[in-house]
Each structure stands twice: as C-alpha cells, then as structure tokens.
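Take a look at the letters that make up each chain.
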Amino acid sequence: FGLDIDCLPPAQFMFPQPPASINVLNPVTPRTKKSVKFNNDVAVRPIPSRHSYSPRVKARLYTAPRELAASAVRNAVEFNYEGCSYRNVVEENGMYVCVESGEL
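Residues numbered from 1 in each chain as written. Predicted model: local features only at pLDDT ≥ 70, side-chain atom pairs only at ≥ 80, totals over all residues. Heavy atoms only, no water.

Colleague: Help me out: how do you make sense of the overall build of the chain in this one?
Modeller: Helix and strand counts for the chain come out as 3 helices and 0 strands. Its helices and strands taken in sequence order, the chain reads α-α-α from the N to the C terminus. By the burial criterion, 4% of the 104 residues in the chain qualify as buried. Just so you have it, the chain exposes about 10500 Å², and 57% of that area is on carbon and sulfur atoms. (Helix = DSSP H or I, 4+ residues; strand = E, 2+ residues; numbered from the N terminus. Buried < 20%, exposed > 50% of the residue type's maximum accessible area, 1.4 Å probe, protein only. Areas by Shrake-Rupley, 256 points an atom, 1.4 Å probe, with all protein chains shown as cover.)

Colleague: What am I meant to see in helix 3 (residues 65-81) here?
Modeller: One full turn of an α-helix is made of 3.6 residues, so residues set three or four places apart face in the same direction. When the terminal C-alpha atoms of helix 3 are compared, their 24 Å separation across 17 residues agrees well with the 24 Å that a helix rising 1.5 Å per residue should span. Just beyond helix 3, the residue with positive phi is G83, at close to 80°. (Expected span 1.5 Å × (residues − 1).)

Colleague: Would you mind going over the environment of R50 with me for this structure?
Modeller: Of note, R50 is situated in the loop between helix 1 (11-14) and helix 2 (55-61). When its relative accessible area of 54% is taken as the criterion, R50 is described as exposed. Along the chain, R50 and Y62 lie 12 residues apart, while their C-alpha atoms are 9.9 Å from each other. Leave out the neighbours within four places in its chain, and R50 touches K58 and Y62. (Contact = heavy atoms within 4.5 Å.)

Below, the structure written as structure tokens:
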C-alpha cells in the first residue's frame, strides 16, 4: 500500500513502560500472587461454523478483503495527515468533508 515506514509508532509506544514513580527492581509494594478462578456451573453454547452461515449473514459478520484493504489505506493516510502521532488524532466530526465525493 506504499506505507511510510517513518509513520510507524516509536518503540516506546509499542510496549507499555511502568510509570516513573515505580522502581521495577525494588518495588514499594509487595507483589501479590494473581490467580484466576472458574465457576463450575457453566452454560455451553455451540458456535456455528463459518460455513453454516448464509451469504446474507456472512456479509454482515465479515468484512470483504477489498473493503478491509481500502480501510487500511484510508487509516494510513489519516495517520500520515495527523503527523504520524496518536496525540494528534482528529475525530470524524473534526474532519473536513470533500464537497465532490462526500468523503472525510
């Protein structure tokens, strides 16, 4: 799609960092053991195979590859326009609308 490699988020935004107030090597608070518990009483619901859906239902559940590709290109253009920074994101109601096509 011709995406600009310079628009990728910096590494510090890809992996969350602990707050500066927490010393990772010597934490102030003791670590507590986390656990997950499951309820023994459960309701089992079958999930239909994707092959069992009608074309009408499939069209509502799944995005067509062409539409997905168009969305990816549009998102890349918007990200580039916003200076390749998530801090500059413009919501749809703040975008300009093209008079000819009606697109944002």
